[in-house]
Amino acid sequence: MNADGRTRLNQTPEWTALAKHREELGEVRLRELFAAEPGRGTAYALRVGDLYVDYSKHLVTDDTLRLLRELAAATDVFGLRDAMFRGEKINTTEDRPVLHTALRAPRDAVIEVDGENVVPGVHAVLDRMAGFADRVRSGAWTGHTGKRIRNVVNIGIGGSDLGPAMAYEVLRAYTDRSMTFRFVSNVDGADLHEAVRDLDPAETLFIVASKTFTTIETVTNATSARGWLLDALDGGTSRSSEVGSGGEAAVAKHFVALSTNAEKVADFGIDVDNMFEFWDWVGGRYSYDSAIGLSLMIAIGPDRFREMLDGFRIVDEHFRTAPAESNVPLLLGLLGIWYGNFHDAQSHAVLPYSHYLSKFTAYLQQLDMESNGKYVGRDGREVEWQTGPVVWGTPGTNGQHAYYQLIHQGTKLIPADFIGFARPVAELSEELKAQHDLLMANFFAQTQALAFGKTPQEVRAEGVPDELVPHKTFQGNHPTTTILAPELTPSVLGQLVALYEHKVFVQGAVWNIDSFDQWGVELGKVLAKRVEPALTEGAEVEGLDASTEALVATYRELRGRQ
Ligand SMILES: O=P(O)(O)OC[C@H]1O[C@](O)(CO)[C@@H](O)[C@@H]1O
């Protein structure tokens, strides 16, 4: 029994029933499941918004799905979902509500935090962002020397980078192509260097994105960016943005901040009039549809940004209201639990068949792994079951010529999501649009090959010599979900992201972990602060282990410091 009165997950009858079912099912074959149920291809498919989700190629029967839903009911996934939508403090270790869904709520919605409706504040910021984005896009907002802004550089890391950087790539076809957008995250100076080396400072706007405004990488990069700007615009006379230094006027025209921390923004020297606010009930990895999306809004325009929010909302509403049997995020979350907890799968691949989704999996890595990479439950006890998977993947068809070999014929079970679109983006030439069918032929061929493989008999029938038959045999039975949408639009992107957000939610709810904190990132930050003086000044750092001590000494020697 848990401290919170809940039975330990792995001791619930629903968990035990699933384990038993898994044993009875044994090595269930997809070939057999499809042979037994000719309508499986359509029976095991759902729609949400523009997304068609085919889950027929999973190692599940109706009984499996029923038992998984019973587990979700026993762990009260929908109860926690409702508490989230209501604004209750379900992020218990940080004592905060989890309200990214309020970021896309309609103007007339009422969502209260501590008795205050947060929706008007959300729309007030969205409106300010839209006004600012329009001024930058139209050229009405100029830089310090009066030149029009042509370059936007977002400086942020984690959730303050991955979301806008990913969405900018995804929606490139909708962006203002006359402008340049760059995303700087790494504290490696090379990142900022490469981002600005060919830009005119007089035409460059820096967006400093940081929920806390204390993140060392972001503050360091923003400080260097300010130096780069002031060196150029002030002729190097002033590197300061302090009032009266002369630098503050340039900073005011070239720096805006996205944050929850007005005090730190002001300390940095950015006028809080140039700050776009969000709230501590928005987790960093759930934040790119908040002010954190300002760079994206400048790129695609406020109308497209709102279309994206509408897309999020479609899936929010579906997750909130659809019954368990047809609730897509619930289904996807439960399928992950089936493989992670009952088949020992360690990872989950996300394989988009779209060049524009090149950063989508990297974005999902933070969303999923920072949320559900936990070994301690809500009750403060160690879990006795597997939690979040390793999420990985890159766009097809590149992966096919790299690591798909292991998915097809390796020794590991790797459930995968295939994401594809029926139509190529409109701006491609007719010749390039024609390539889309080849791309999607690969997409369909792969999920087919993964599911059904090729038997030794089929290989032999092709006249393959006996000694090569085992090598050319594909066992198949590799489970995949196919997500197919008509076209990659802002709304579809919103739908996809919300789908994964809620899938992650479902899994965290079943595993009884807090998906909204991230204590696991803290220790490394503290140690980096301690080690830095040893690298720079050769300072004695107490308590360094023998390995790190030797590494620091070697580093200093190689760096030419004694
Ligand atoms: O937006 P911030 O406060 O700079 O944080 C950046 C990222 O750092 C983390 O806190 C992890 O260190 C992420 O959760 C967050 O998205």
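Source: prediction; values computed, not measured.

## Quick word on helix α1 (residues 13–25)
Over its 13 residues, α1 runs 18 Å from end to end, which matches the ideal 18 Å to within 8%, given 1.5 Å per residue. Directly after α1, the chain includes glycine 26, whose backbone phi takes a positive value near 55°.

## Points about the sheet that holds strand β6 (residues 180–184)
Strand pairing in a sheet is mediated by backbone hydrogen bonds. Such pairs are either parallel or antiparallel. Strands sit in the order β6-β5-β7-β8-β9 across an open sheet of five strands; the sheet is parallel. Each edge of the open sheet carries a strand with a single partner, namely β6 and β9 (275–277). Adjacent strand axes in the sheet meet at a mean angle of 20°, parallel and antiparallel pairs treated alike. Bridging between strand β5 (residues 151–155) and β6 involves five bridges; their strand directions are parallel. Bridged to valine 152 within β6 is phenylalanine 181. Lying over the sheet, helix α9 (residues 216–233) contacts β5, β6, β7 (204–209) and β8 (255–259), oriented at roughly 160° with respect to β7.

## Quick look at the UniProt feature "active site" (unreviewed entry) in the protein chain
UniProt feature "active site" (unreviewed entry): in the numbering of this structure it lies at Glu370, His401 and Lys525. Annotated residues spanning 156 residues; largest pairwise C-alpha distance 37.3 Å, indicating distribution over more than one region. Position of glutamate 370 relative to the elements: it lies in helix α15 (residues 360–372). Within the structure, the side chain of glutamate 370 is placed 2.8 Å from the side chain of arginine 285, a separation counted as a polar contact. Along the chain, histidine 401 falls in the loop between β11 (390–392) and α16 (404–409).

## Let's talk about the confidence of the model for the protein chain
Taken as a whole, the protein chain shows an average pLDDT of 96; of its residues, 97% reach a score of 70 or greater. Least confident of the elements in the protein chain is helix α10 (residues 247–254), whose mean pLDDT is 91; most confident is helix α20 (residues 490–511), at 99. Here the prediction assigns the complex a pTM of 0.97, and the interface score ipTM is 0.98.

Reading the values: the criteria
Numbering of residues starts from 1 in each chain and follows the order in which that chain's sequence is written. Given that this is a predicted model, residues contribute local features only at a pLDDT of at least 70 and side-chain atom pairs are listed and counted only at 80 or more, while totals for whole chains, interfaces and linings are drawn from all residues. Just so you know, side-chain values use all the structure's heavy atoms and leave hydrogens and water out. Think of it this way: any DSSP run of H or I at least four residues long counts as a helix, any run of E at least two long counts as a strand, and we number them from the N terminus. Here the expected span of a helix is defined as 1.5 Å times the quantity of residues minus one. The pairing criterion is simple: DSSP has to find at least two bridges between the two strands. Convention adopted: a line fitted to C-alpha atoms gives each axis, helices being fitted over their contacting stretch, and angles between N-to-C directions are expressed from 0 to 180 degrees. By definition, residues are in contact when any of their heavy atoms lie within 4.5 Å. UniProt positions are given in the numbering used here, feature names are shortened, and annotations may be inferred rather than shown by experiment. Between N or O atoms, a polar contact is any pair within 3.5 Å; within protein, one atom must be a potential hydrogen donor and the other a potential acceptor, and residues adjacent in sequence are included only when both atoms are from side chains. Each residue carries a pLDDT value, the predictor's own confidence for that position, ranging from 0 to 100.

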